[in-house]
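Summary of structural features
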2 protein chains.
Amino acid sequence: MGGNALMQATDDGSLAQQYRRAVEVAKVLHGLCRRGYRVMLVHGNGPQVGQELIRSEEASTKVPISSLDACVASTQGTMGYQLELALYNQSHTLRVATVLTLVEVAGDDVGFSRPTKPVGPFFAPLRARELMRRNKWQMVEDAGRGWRKVVASPRPIDIVNIGAIDAAMSRMDVVIAGGGGGVPVVRDDSGRLAGVEAVIDKDLTSSLLGQLLGAQMMVVLTAVDHVSLDFGKPTERRVDQMTAAEAQTHLAQGQFPPGSMGPKVQAAIDFARATGQPAAIGSVGHVARILAGRAGTRIVDG
Amino acid sequence: MGGNALMQATDDGSLAQQYRRAVEVAKVLHGLCRRGYRVMLVHGNGPQVGQELIRSEEASTKVPISSLDACVASTQGTMGYQLELALYNQSHTLRVATVLTLVEVAGDDVGFSRPTKPVGPFFAPLRARELMRRNKWQMVEDAGRGWRKVVASPRPIDIVNIGAIDAAMSRMDVVIAGGGGGVPVVRDDSGRLAGVEAVIDKDLTSSLLGQLLGAQMMVVLTAVDHVSLDFGKPTERRVDQMTAAEAQTHLAQGQFPPGSMGPKVQAAIDFARATGQPAAIGSVGHVARILAGRAGTRIVDG
């Protein structure tokens, strides 16, 4: 699910507000656990990491600027905390773990040569120039709103902590992992890992986690109830099910925009193909029906 | 170990600097793993949480102030991240997990009626008055330096995530848990958990974790090589070993100051008494010798 499941644009951004939204998510997850499901939850962190970057910038004359990878690690802690509290308060017997997750990306991922993912606050030109020079940030100007940092969004290639997550899954009802898509790290020629300023798409990380752990199903939770073709046009129609091959064709034809539905469909295709198990896309309120094949859009191997 | 193992007063406070210090810790832990030990690492977070609170205050006109419990969760993420990277870079086959740790404290702990633990930056009187009124902070004036928030330091009574930590310990070489003493939560009459602004002593949390997990030894890592009696006096003498009863007597006689060696000795006494296994206090560079009984101060049951 997206980070906006806990913090929406109209929210006050407080922890108390995030907790209230976490309770809604926890109710759904608790319902699944009561039906016998074991759940891994992968959450985004867009609004939350935005807050962290604002705090970092405002305090930049007093303490060092936070790198984006460190901010991701930080939000894995704070968001896992709110979700765990909400889950324990659904049921004291629910077994929950939040596992810090580092995700390896390729140092030569095409994303790094042309960063496109904007993160954090807008800056005045003078400050932007300073940050580009001193901190080696790449930034772009958004007409009228100022300069903004852009980072790569590389593809996840391995989950560094997969053993720890697998150990947690073996004994827990709910495991929270891969938050914010995971803390991005790259491996150099000698095999050493180092953090890198990037944003990994959480749906692709979720798909990879599901593949490595042998999940029986992946569900991508989003704001819409199902995938549509010709979205926003008079010919718009909902899709109840499609094969990975059909989905790939629609994707190639530009049916699903790169920044929103595109990576969700790609993540679902990858999962279905690698595991032979179904993936689905739909809204959080419909999870039980999505799992039963009675809501959302299902993507199956083939 | 203390949070200053990764960030000392003379450091620049950057993540890169913290990583370099984490490498020193990782070398020691890797050495232990090679000798067949499985290690749980509990770290403090004083300097790191201080940075978080400065960022929060500086950005307080733009985003909500971070509560202390959320900052602890955040540092569990960021510090676990640096330690994990350093450990993986010692050995790619090392199995490491960082588990988010919530620690229950009693809502009626005496600490809450008279908070004494100062946290975060110093404030001018006007801002301090506003924070006390609007955010219900308790603050004290430090003559000449300004006003500072004070919080309770309640005793840890239970580890909420003990099942998750136990699952991780069963399969990992190093588990990082209880960071910053754990995220403090209280349970209300109906059994619901809620975060609370407090600081839990990491040594007491470490002791409790060791007791619950059946650890074979607890080592409190600190800046000194051993415990001393009559510290700083002409009669100062090092202690190689003492029984829990002897240690308790010295503690009652004021041999170990409340803010520094006191809680370390108390944590060691608690561990030795509850488990019958030895606890030790010493410096990080001597860990292997401390485990072998050839350095540090050992506290044994009796």
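In the block above lies the structure referred to throughout.
In this text the structure is predicted, and so the values were computed from the model without any measurement. (Residues numbered from 1 in each chain as written. Chains lettered and ligands numbered in written order. Predicted model: local features only at pLDDT ≥ 70, side-chain atom pairs only at ≥ 80, totals over all residues. Heavy atoms only, no water.)

Another point: the relation of the copies chain A and chain B. Between chain A and chain B, the superposition needs a rotation of 180 degrees and an axial shift of 0.0 Å, giving an RMSD of 0.0 Å. The superposition of one copy onto the other is thereby described by a two-fold rotation axis. For chain A, the residue whose C-alpha comes nearest the rotation axis is A:S74, separated from it by 2.1 Å. (Least-squares fit on C-alpha atoms with pLDDT ≥ 70 in both.)

Okay, the sheet that holds strand β6 (residues 146-151) of chain A next. All names here are of chain A. With respect to topology, three strands assemble into an open sheet ordered β4-β6-β5, the strand pairing being antiparallel. Each edge of the open sheet carries a strand with a single partner, namely β4 (117-123) and β5 (138-142). Strand after strand, the sheet turns through a mean of 35 degrees between neighbouring axes, direction not considered. As paired strands, β5 and β6 are joined by five bridges and run antiparallel to one another. Counted as the bridge partner of V140 is R148 from β6. (Pairing = 2+ DSSP bridges. Helix = DSSP H or I, 4+ residues; strand = E, 2+ residues; numbered from the N terminus. Axes fitted to C-alpha atoms, helices over the stretch in contact; angles between N-to-C directions.)

Here the focus is the packing of helix α3 (residues 68-90) of chain A against helix α3 (residues 68-90) of chain B. Two quantities define a packed helix pair, namely the angle between the axes and the distance from one axis to the other. Interaxial distance between α3(A) and α3(B) falls to 7 Å at its minimum, and their mutual angle equals 135 degrees. Relative to α3(B), the element α3(A) lies oblique. Of the two possible hands of crossing, α3(A) and α3(B) adopt the one that is right-handed. In contact with A:D69, A:A70, A:A73, A:S74, A:G77, A:T78 and A:Y81 of α3(A), α3(B) contributes B:D69, B:A70, B:A73, B:S74, B:G77, B:T78 and B:Y81. In terms of residue class, the contact of α3(A) with α3(B) is made up of six nonpolar, six polar and two charged. (Parallel < 35°, antiparallel > 145°, perpendicular 65-115°, else oblique. Left-handed = near helix turned anticlockwise from the far one by under 90°. Contact = heavy atoms within 4.5 Å. Nonpolar A, V, L, I, M, F, W, Y, C, P; charged D, E, K, R; others polar.)

Let us look at the sheet that holds strand β16 (residues 297-300) of chain A. Residues and elements named next belong to chain A. Read across the open sheet, the four strands follow the order β11-β15-β16-β14; overall the sheet is mixed. Of all strands in the sheet, those bounded by a partner on one side alone are β11 (218-222) and β14 (241-243). Pairwise comparison of adjacent strand axes, ignoring direction, gives a mean angle of 20 degrees for this sheet. Two elements, strand β15 (residues 279-283) and β16, share three bridges in a ladder whose sense is antiparallel.

A word on the interface of chain A and chain B. With 55 residues of chain A at the interface, the matching set in chain B holds 55 residues. At the boundary of chain A with chain B, total buried surface from both sides reaches about 4100 Å², with 61% on carbon and sulfur atoms. Our count for the contact surface shared by chain A and chain B stands at four salt bridges. As a salt-bridge pair, B:K62 and A:E58 come within 3.0 Å of each other at their nearest N and O atoms. Along the contact surface separating chain A from chain B lie 21 residue pairs in polar contact (both at pLDDT 80 or more). Residue composition of the side of chain A that touches chain B, grouped by class: 26 nonpolar, 19 polar and 10 charged. (Buried area = accessible area lost by both parts, 1.4 Å probe. Salt bridge = Lys/Arg side-chain N within 4 Å of Asp/Glu carboxyl O. Polar contact = N/O pair within 3.5 Å; in protein donor to acceptor, adjacent residues only side chain to side chain.)

Let us now look at the packing of helix α1 (residues 15-34) of chain A against α3(A). Residue and element names in this part refer to chain A. Between α1 and α3, the shortest axis-to-axis distance is 8 Å and the interhelical angle comes to 55 degrees. As judged from the angle between their axes, α1 and α3 are oblique. Seen along the crossing, α1 lies across α3 with a hand that is right-handed. Here L15, Q18, Y19, A22, V23, V25, A26, K27, L29 and H30 of α1 come into contact with α3, specifically with M79, Y81, Q82, L83, L85, A86, L87, N89 and Q90. Counted by class, the contact of α1 with α3 contains 13 nonpolar, five polar and one charged residues.

All names here are of chain B. If you trace the backbone, A168 turns up in helix α6 (residues 162-171). The spatial distance from the C-alpha of A168 to the C-alpha of T249 is 37 Å, given a sequence separation of 81 residues. Setting aside anything within four residues of it in sequence, one finds A168 in contact with A97, V99 and V175.

Here we take up the environment of B:N89. By the secondary structure assignment, B:N89 is in helix α3. Beyond its immediate stretch of four places on either side in the chain, B:N89 contacts A:G191, A:R192, A:L193 and B:Y19. Among the polar contacts listed, one links the side chain of B:N89 to the backbone nitrogen of A:L193, at a separation of 2.7 Å.

Let us look at unusual backbone geometry. All names here are of chain A. The backbone of K136 sits at a positive phi, close to 60 degrees, despite the residue not being glycine. Locating K136 in the fold gives a position in the loop between α5 (125-134) and β5. What makes K136 exposed here is its relative accessible area of 69%. A positive phi angle, near 50 degrees, is found at D230, a position not held by glycine. Here D230 shows up in the loop between β12 (227-229) and β13 (237-239). (Buried < 20%, exposed > 50% of the residue type's maximum accessible area, 1.4 Å probe, protein only.)

Below, the discussion takes up the pattern of salt bridges. This structure, assessed with the given rule, holds 34 salt bridges over all chains. For A:D11, the salt bridge identified is with A:R21, shortest N-O distance 2.6 Å. On the criterion of sequence distance, the pair formed by A:D11 in the segment before α1 and A:R21 in helix α1 is long-range, its members being 10 residues apart. Between B:R55 and B:E52 there is a salt bridge whose closest N-O contact spans 3.9 Å. Residue B:R55 and its partner B:E52 are both found in helix α2 (residues 46-58); the two are separated by three residues, about one turn of the helix. Across the pair, B:E52 and B:R55 agree in class, each one buried. Through salt bridges with shared partners, one network takes in A:E57, A:R127, A:E130 and A:R134.

A few words on helix α9 (residues 261-275) of chain A. Residue and element names in this part refer to chain A. In this model α9 runs 21 Å from its N-terminal to its C-terminal C-alpha over 15 residues, within 8% of the 21 Å that 1.5 Å per residue would give. In terms of burial, α9 is largely enclosed, as 12 of its 15 residues are buried. All of the buried residues along α9 are M261, G262, P263, K264, V265, Q266, A267, A268, I269, D270, F271 and A272. The positive-phi residue at the C-terminal boundary of α9 is G276, with phi of around 75 degrees. (Expected span 1.5 Å × (residues − 1).)

On to the state of the cysteines. Each disulfide consists of one covalent bond between the sulfur atoms belonging to two cysteines. Per the counting criterion, the structure on display carries zero disulfides over all chains. Unpaired in terms of disulfides, B:C71 finds its nearest cysteine sulfur in A:C71, a separation of 13 Å. You can call B:C71 buried: its relative accessible area is 1%. (Disulfide = S-S within 2.5 Å.)

Across all of its chains, the model carries five cavities of 30 Å³ or more by this definition. Volume-wise, the largest cavity comes out at about 80 Å³. Looking at the largest cavity, the residues that line it are A:Q76, A:G77, A:T98, A:V99, A:L100, B:Q76, B:G77, B:T98, B:V99 and B:L100. Counting only elements with at least two residues in the lining of the largest cavity, the list comes to α3 and β2 (96-99) of chain A together with α3 and β2 (96-99) of chain B. Residues belonging to the lining of the largest cavity are distributed by class as follows: four nonpolar, six polar and no charged. (1 Å grid on protein atoms, 1.4 Å probe; cavity = no way out; pocket = protein on both sides within 12 Å on 5 of 7 lines; lining within 4 Å. Points joined across faces, edges and corners; volume = space filled by probe spheres on them.)

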